[in-house]
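Here are the chains, one letter per residue:
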Amino acid sequence: MKKRGRGMACMWYPIGFTVAANPSAATVKVNTDGTATLLTGTVETGQGALTVLAQIAAETLGLATDDVHVVSGDTDVTPMDTGAIASRTTYVTGNAIVRAAEKARDILFEAAAPLLNVKPEQLEVRDRRIQVLGFPARSVAIDKVVHHSETVLGNPAIGSASYNPPTVDMDPETGQGKPFNTYVYATQIADVEVDDETGEVEILKIVAVHDCGTPINPMLVEGQIQGGISMGVGFALQEEILFEEGRQINPNLTNYIMPTSLDMPDIEVGLVDNYDPTGPFGAKGAGEPTAVPTAACIMNAIYDAVGVRITALPATAERVLTAINEKRAAEQADAA
Amino acid sequence: MRPMNYIVPESAEAAVAILAERGENACPLAGGTDLVVDLKHAPGNINALVDVSGLEEFRGIDETDEGLRIGSMVTYGEIMEHPVCIEKTPEVVAASHTVGAVQTRNLGTIGGNLVTCVPSADSAPALMVLDAEVTLIGTNGWRRMPIEDFFVGPRKTILEPCELLAEIWIPGHTLGKPSSFYKFGLRKGQALALVNAAAALELDGDRIVEPRIALGAVAPTPIRAVKAEALLDGQVVNAKLLDEAAKISVTESKPIDDFRASRNYRRQLIRTLTRRVLERSVEIARERQEKDKLH
Amino acid sequence: MLVELTVNGESRSANVPPETTLLKMLREYLGLTGAKLGCDVGDCGTCTVIVDGVSVNSCLMLAGRADGCDVTTIEGLATADELHPLQQKFEEHGALQCGFCGPGMLISAKNLLDTNPEPSVFEVRDALAGNLCRCTGYTKIIEAVIEAGEMMNQEQATV
Amino acid sequence: MATRVKDVQTNVEDLVTAREARAPSRQPLAVPIDQPVTFPLELPESEARLRTPAVGQRATRPDGRLHGLGQTQYIDDITFPHMLHAKILRSEYAHARIVSIDTSEAEKMPGVIATLTGAEVPENSFGPTYQDQPILAYPIARHRGDGVAAVAATTEQFALDALEKIRVEYEPLPAVFDPLEALEDDSPKVHGGDTNIYTSKVIKKGDVEAGLAASDHVFERRFSTQMVEHVPLEPHATIASWDGNGRVSIWSSLGRITLGREDLARTLQMPQSRIRLIGTVVGGNFGGKNEITNEPIVALLSRKSRRPVKAIYSRGDEFVSSTIRHPFIMDYTTGVDNEGRILARKIRLVLDGGAYCSWTGTTIGKGSILAPGPYNIDNVLVEAYAVYTNKTTTGAMRGFGAPQVCFAYESQMDDMADALGIDPLEIRLRNGFSENSLSPTGQSLQSVALKESLTQAADRFRWKEWQA
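This is a predicted model, so every value here is computed, not measured.

Caption draft 1: View of the sheet that holds strand E13 (residues 266-271) of chain A. Residue and element names in this part refer to chain A. Taken in spatial order, the four strands of this open sheet run E1-E9-E10-E13, and their pairing is mixed. Unpaired on one side and paired on the other, strand E1 (2-14) and E13 mark the two borders of the sheet. Each neighbouring strand pair of the sheet contributes to a mean axis angle of 15°, computed without reference to strand direction. Across six bridges, the pairing between strand E10 (residues 201-210) and E13 is parallel. Residue alanine 208 lies in a different strand from E13, and its bridge partner there is valine 269. Relative to E1, helix H5 (residues 294-306) is tilted by about 150°, and along the sheet it contacts E1, strand E9 (183-195) and E10.

Caption draft 2: Representation of the packing of aromatic side chains. Counted under the stated rule, the structure contains 17 aromatic pairs over all chains. Relative to Phe433(D), the ring of Trp12(A) lies with its centre 5.1 Å away and its plane at 80°, an arrangement referred to as edge-to-face. Within this pair, whereas Trp12(A) is found in strand E1, its partner Phe433(D) is found in the loop between helix H12 (424-431) and helix H13 (450-461), the two belonging to separate chains. The exposure class of Phe433(D) is buried, given its relative accessible area of 0%.

Caption draft 3: Representation of the domain arrangement of chain B. Residues and elements named next belong to chain B. Segmentation of chain B into domains returns domain 1 (5-51), domain 2 (56-174) and domain 3 (179-294). Between the C-alpha centres of domain 2 and domain 3 there is a distance of 20 Å. Taken together, the contact pairs 24 residues of domain 2 with 24 residues of domain 3. Between domain 2 and domain 3 lies a buried interface of about 1,700 Å² when both sides are counted; carbon and sulfur atoms form 65% of it. Inspection of the region where domain 2 meets domain 3 yields three salt bridges. Taking the shortest distance from any N to any O, the salt bridge between arginine 212 and aspartate 131 comes out at 2.8 Å. On the surface where domain 2 and domain 3 come into contact, there are eight residue pairs in polar contact (both at pLDDT 80 or more). Put simply, the parts of the chain that give the side of domain 2 that touches domain 3 at least two residues each are helix H5 (90-97), helix H8 (123-128) and strand E8 (151-153).

Caption draft 4: Just the interface of chain D and chain A, in detail. Between chain D and chain A, the residue contacts involve 113 residues of the former and 118 residues of the latter. At the boundary of chain D with chain A, total buried surface from both sides reaches about 9,200 Å², with 60% on carbon and sulfur atoms. Here chain D is connected to chain A by nine salt bridges. The residue Arg61(D) makes a salt bridge to Glu44(A) at a minimum N-O spacing of 3.5 Å. At the surface where chain D touches chain A, the tally comes to 59 residue pairs in polar contact (both at pLDDT 80 or more). The element best represented in the side of chain D that touches chain A is helix H11 (residues 402-420) of chain D, accounting for eleven residues. The residue inventory of the side of chain D that touches chain A, partitioned by class, reads 53 nonpolar, 31 polar and 29 charged.

Caption draft 5: Representation of the side chain of Asp211(A) in the model. By the element assignment, Asp211(A) lies in the loop between E10 and helix H4 (218-238). A polar contact is formed between the side chain of Asp211(A) and the side chain of Asn274(A), at a distance of 3.0 Å. Side chain to side chain, Asp211(A) and Lys284(A) meet in a polar contact 2.8 Å long. The contact partners of Asp211(A), leaving out residues within four places of it in the chain, are Tyr183(A), Val184(A), Tyr185(A), Val272(A), Asn274(A), Lys284(A), Gly285(A), Ser447(D) and Ala449(D).

Caption draft 6: The nonpolar core, seen in detail. Counting 247 residues, the largest nonpolar core has Ile130(A), Ile298(A), Met299(A), Ile302(A), Phe90(C), Val145(C) and Leu349(D) as its most contacted members. The greatest single-element share of this core, amounting to 15 residues, is contributed by helix H2 (residues 89-116) of chain A. Setting aside residues no more than four positions away along its own chain, Phe90(C) makes contact with Ala95(C), Leu96(C), Met105(C), Leu106(C), Ile141(C), Ala144(C) and Val145(C). Among the nonpolar cores identified, the runner-up in size contains 39 residues, and Ala95(B), Met145(B), Leu175(B) and Ala214(B) belong to it.

Caption draft 7: Quick peek at the packing of helix H7 (residues 257-268) of chain D against helix H8 (residues 295-305) of chain D. All names here are of chain D. As a packed pair, H7 and H8 sit with axes 10 Å apart at the nearest point and diverge in direction by 50°. One way to sum up the angle between H7 and H8 is to call them oblique. Note on packing geometry: the crossing formed by H7 with H8 is right-handed. Mapping the contact onto sequence places Leu264, Thr267 and Leu268 in H7 and Glu295, Pro296, Ala299 and Leu300 in H8.

Caption draft 8: The environment of Glu167(B), seen in detail. All names here are of chain B. With respect to the element layout, glutamate 167 can be found in strand E10 (residues 164-171). Taking relative accessible area as the criterion, glutamate 167 reaches 11% and is therefore assigned buried. Between the C-alpha atoms of glutamate 167 and isoleucine 86, which are 81 residues apart in sequence, the distance is 19 Å. Contacts of glutamate 167, omitting those with residues within four sequence positions, involve Glu57, Arg69, Ile70, Gly71, Ser72, Glu133, Val134, Thr135 and Trp142. Polar contacts involving the side chain of glutamate 167 include one to the side chain of arginine 69, which spans 2.7 Å. At 2.7 Å, the side chain of glutamate 167 forms a polar contact with the side chain of threonine 135.

Criteria and thresholds
- Residues numbered from 1 in each chain as written.
- Chains lettered and ligands numbered in written order.
- Predicted model: local features only at pLDDT ≥ 70, side-chain atom pairs only at ≥ 80, totals over all residues.
- Heavy atoms only, no water.
- Pairing = 2+ DSSP bridges.
- Helix = DSSP H or I, 4+ residues; strand = E, 2+ residues; numbered from the N terminus.
- Axes fitted to C-alpha atoms, helices over the stretch in contact; angles between N-to-C directions.
- Contact = heavy atoms within 4.5 Å.
- Phe/Tyr/Trp six-rings, centres within 6.5 Å; stacked < 30°, edge-to-face > 60°.
- Buried < 20%, exposed > 50% of the residue type's maximum accessible area, 1.4 Å probe, protein only.
- Domains from an automatic or database assignment.
- Buried area = accessible area lost by both parts, 1.4 Å probe.
- Salt bridge = Lys/Arg side-chain N within 4 Å of Asp/Glu carboxyl O.
- Polar contact = N/O pair within 3.5 Å; in protein donor to acceptor, adjacent residues only side chain to side chain.
- Nonpolar A, V, L, I, M, F, W, Y, C, P; charged D, E, K, R; others polar.
- Core = buried A, V, L, I, M, F, W, Y, C linked by side-chain atoms within 4.5 Å.
- Parallel < 35°, antiparallel > 145°, perpendicular 65-115°, else oblique.
- Left-handed = near helix turned anticlockwise from the far one by under 90°.

Right, here's the structure in full:
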């Protein structure tokens with residue numbers, strides 16, 4: 001018979017390396033037509049990081065995402081970056097880009113200030129224009145300013161900067177310290193059905209609500225969450241590298257069982273409204289944490305459905321059925 | 001892949017002759033979903049592939065006076081879309097649907113699957129409960145036998161060297177017979193069977209007639225659970241009886257212990273799945289009775 | 001051996017060793033690198049192409065088997081004027097992340113919509129079960145396929 | 001239907017027609033059509049890409065369009081004239097001393113241009129924390145995924161054939177596979193010395209024993225997790241090409257090129273300025289492509305052969321040779337009061353590190369810090385140990401230990417909620433972090449959105465309706 005159950009799990013997860021320095025650098029060049037080029041040493045590994053980084057550069061310069069072209073991943077060309085690891089790209093590389101773009105922007109403010117008869121610190125960027133703070137009417141198009149700065153004043157709008165999250169060493173005896181500059185939080189809730197005669201677990205739905213600070217690109221954050229959950233589902237129910245005397249016995253995708261499209265539940269994603277003042281425009285990160293609470297919430301849902309606590313992952317159908325049988329036997333023993 | 005000859009014969013006879021001439025270095029190629037994988041990893045001494053997949057004699061699905069003829073080189077995809085199969089052998093369609101994924105079903109052939117003869121071949125139990133037969137062609141001509149006799153052991157069929165599986169026949173009297181198929185794998189998509197179960201039966205009033213139970217992945221070859229069938233034959237259907245038959249089917253199986261599942265777990269699956277396919281077959285038979293009453 | 005194919009509407013041919021798979025022929029002899037090699041044994045689906053109207057794992061099909069056949073690869077979906085609705089919807093939804101499964105996934109989706117223009121969510125899941133994706137959890141891919149089907153139906157209706 | 005007939009070299013011509021004998025019109029096209037992909041140039045841009053402010057927009061990805069067109073160039077899609085293909089031979093034993101490697105027969109095989117063994121690697125060690133991992137094992141192989149020799153040949157098949165001709169003489173050594181056994185004094189030592197523990201971590205806050213003593217209820221349980229592979233759909237891939245200035249360009253699926261170049265300079269013993277590392281679009285990383293793997297091998301084969309060399313991992317290589325997720329054995333003891341407030345949590349973690357350290361430093365750090373969960377607990381003790389075993393190397397994988405400990409701490413939260421008759425949502429809200437909460441390392445936390453995530457998730461799920 002199929003038994004329904006629900007379970008939740010929450011989690012916290014840090015952004016960046018544990019104490020160790022993990023800087024990123026960036027260079028932003030504003031072109032004379034008001035578009036910009038961003039140089040970053042990180043690599044696109046699928047998350048859409050380069051689009052997020054373009055959005056951060058664009059935001060700092062008052063441009064649209066499409067105005068920024070990103071050059072990445074070439075040690076001959078791009079500045080250093082600790083890389084696509086530790087959910088750090090949006091936060092650490094993003095902060096470097098904000099600082100680099102601000103330097104380029106400051107060059108433009110210097111050039112625009114005399115044109116608008118104000119001091120540079122009284123200027124802001126918005127909608128591809130440089131304007132007097134709060135006065136869109138007193139503004140000049142950014143391409144005109146770049147052109148003026150570069151070809152008349154001889155001051156091209158290029159900025160380079162780096163960022164490394166501040167941390168405090170951990171005490172070797174007690175671990176006390178500040179290993180990370182910021183953390184994200186999340187809750188996932190699973191709705192499952194357990195077949196108590198086969199042990200098969202079907203996940204009907206997962207609701208996932210994550211904090212990533214400001215979502216720079218909500219669509220890409222959703223993609224991270226959905227993908228993280230699929231990894232979590234595999235970790236929870238199916239995936240395991242098996243060994244026989246140190247030899248892997250299932251090193252192939254026939255016998256290493258990862259989720260297919262038929263094995264994934266419907267996923268409902270929610271993002272909490274949060275802003276981290278230390279991140280680029282309030283952003284933190286979204287990559288790894290999405291895979292963290294999934295297995296836990298599924299195990300709690302199994303417990304809710306059939307009353308067995310799975311203590312060793314993955315919760316294969318066989319393990320679940322064995323646990324159900326043990327529970328039945330114990331109950332019968334108690335009754336006797 | 002190592003260097004390999006690729007030969008397309010003109011006819012089944014030609015295929016047999018080429019295989020005879022080339023000896024053990026040649027191998028017939030059907031859909032290739034198993035063979036090409038094997039050749040990439042462990043080619044052995046095979047240096048020629050005789051592609052029989054396009055041979056007219058091995059193609060096509062036809063309903064005749066004798067029953068339903070399925071050419072051995074018909075793909076799972078073709079079976080799933082064939083109106084006669086959908087109507088009269090729905091569990092063969094269901095079993096076909098559980099094979100691999102769309103892409104492998106479009107390449108893989110039902111005959112190739114039977115000849116590969118892995119214990120978990122999905123199509124076998126569904127065919128066995130319909131009393132299917134197979135025809136073979138070899139150097140000595142054609143022969144025909146019940147499908148159970150075709151399987152000899154894991155990856156071993158009754159085929160002589162140079163003999164080819166030509167057709168699968170489902171006799172007319174079992175077409176449309178109430179039946180059910182259930183595959184249990186480690187996931188839903190692209191799963192290999194831990195256990196396959198199929199049942200077919202007729203109801204004469206409340207009595208079970210001509211019960212058939214076949215199981216896959218539970219023994220060196222797909223098997224019929226004949227003792228369980230004997231228990232059911234002629235008996236008035238009830239839940240306890242079906243469960244009893246399921247229990248007996250476990251004793252007729254010899255499941256293995258491996259990294260996918262333990263023997264003990266497979267036994268539990270055999271019982272549950274057998275009971276479920278019997279229950280479902282009875283349900284279908286009852287629906288049929290209701291429908292006949294209305295007419 | 002000489003193998004002649006119609007690939008994406010163009011007639012193409014190459015002299016390949018007989019053991020060459022269709023995938024290898026497409027990638028190495030015809031310069032069509034859209035279909036990918038992800039596992040080489042038909043598990044992952046990154047090599048999916050359409051041969052004579054049905055999708056297959058081109059890593060498991062010998063090139064000789066495809067001789068004379070009509071082959072559609074990912075390179076054949078768009079025209080010089082517009083993206084295929086699937087390509088458009090995949091882009092709009094951010095349905096691909098690392099993209100490596102993409103060509104195979106899109107071809108499987110196309111093969112589905114060619115025969116079933118209004119698939120249910122389950123039918124989409126079923127049709128894509130031979131295409132593994134590690135990045136997306138399949139969610140946005142499924143949304144994109146369903147919307148592309150709707151878009152194609154509307155286009156059909158307005159024609 | 002006309003039967004199609006073809007063969008290459010058959011001696012039964014009466015049965016089959018030789019393929020080449022067909023009509024002359026069926027000659028291969030002399031010039032291949034030079035338009036492999038059709039694609040539009042002018043398209044309506046997605047509006048979100050054109051809008052300001054840029055932040056918060058559901059902007060589409062320019063690379064996403066290329067993925068959909070099949071235009072993205074992953075490393076396997078790149079070829080160079082005269083390029084060779086490399087394959088790596090892996091250890092036959094989980095733990096063995098390599099007595100000798102003889103590549104002479106392999107070098108005589110057709111198409112083989114160069115071979116490589118560990119003894120030829122200028123600095124045969126690497127690793128993000130400890131440099132305890134060889135590029136090609138020599139003289140000790142510590143797990144079955146260790147490469148022991150490599151071949152570059154004109155085709156992949158020639159390289160594979162040549163691997164079978166390499167003769168390696170091994171002296172098998174005792175091996176250990178279970179992390180708890182590896183902790184014992186008399187266990188075989190994977191890297192020599194007197195212990196397999198290669199890194200440990202302590203997090204200590206308050207007085208855990210006093211906290212447990214003061215608790216109304218104490219819950220204890222052991223949890224464990226398995227080894228998991230990243231399964232990027234694109235296997236690890238590298239191309240290396242040397243030029244006449246003694247400079248090497250390397251195209252790699254590595255996610256961290258700056259540090260990758262440092263590692264390459266170190267292993268190749270050459271200046272960073274002579275190495276160009278290009279990180280192409282990566283077909284899935286998830287932490288598994290965060291350190292060099294076959295890059296130095298391919299670079300050295302390219303140097304030896306003076307040709308570009310490509311190496312693509314097979315799916316099997318990907319499983320046995322790249323890093324995987326650490327299995328954890330986790331003992332949790334948690335004391336709560338009658339209201340379900342956590343007074344103390346004592347945790348012992350054992351991480352199965354496999355044969356080499358890789359990213360264990362980060363995994364044990366994050367795992368330990370996060371292990372008590374996002375809860376206000378005054379008394380915490382976490383002790384964590386990572387041990388070597390003769391198995392696949394565990395390294396970085398999405399979450400660095402967090403999915404493992406989350407499984408344990410959240411399972412126990414529900415055990416406690418169930419035993420005390422408290423709703424699982426309520427017990428989390430009662431204990432959960434809020435702004436300025438102190439973490440297990442004594443850090444004051446900001447921008448804490450734990451409870452918001454709990455309540456929003458519960459609302460979306462209609463948790464309360466289900467519980468009623």
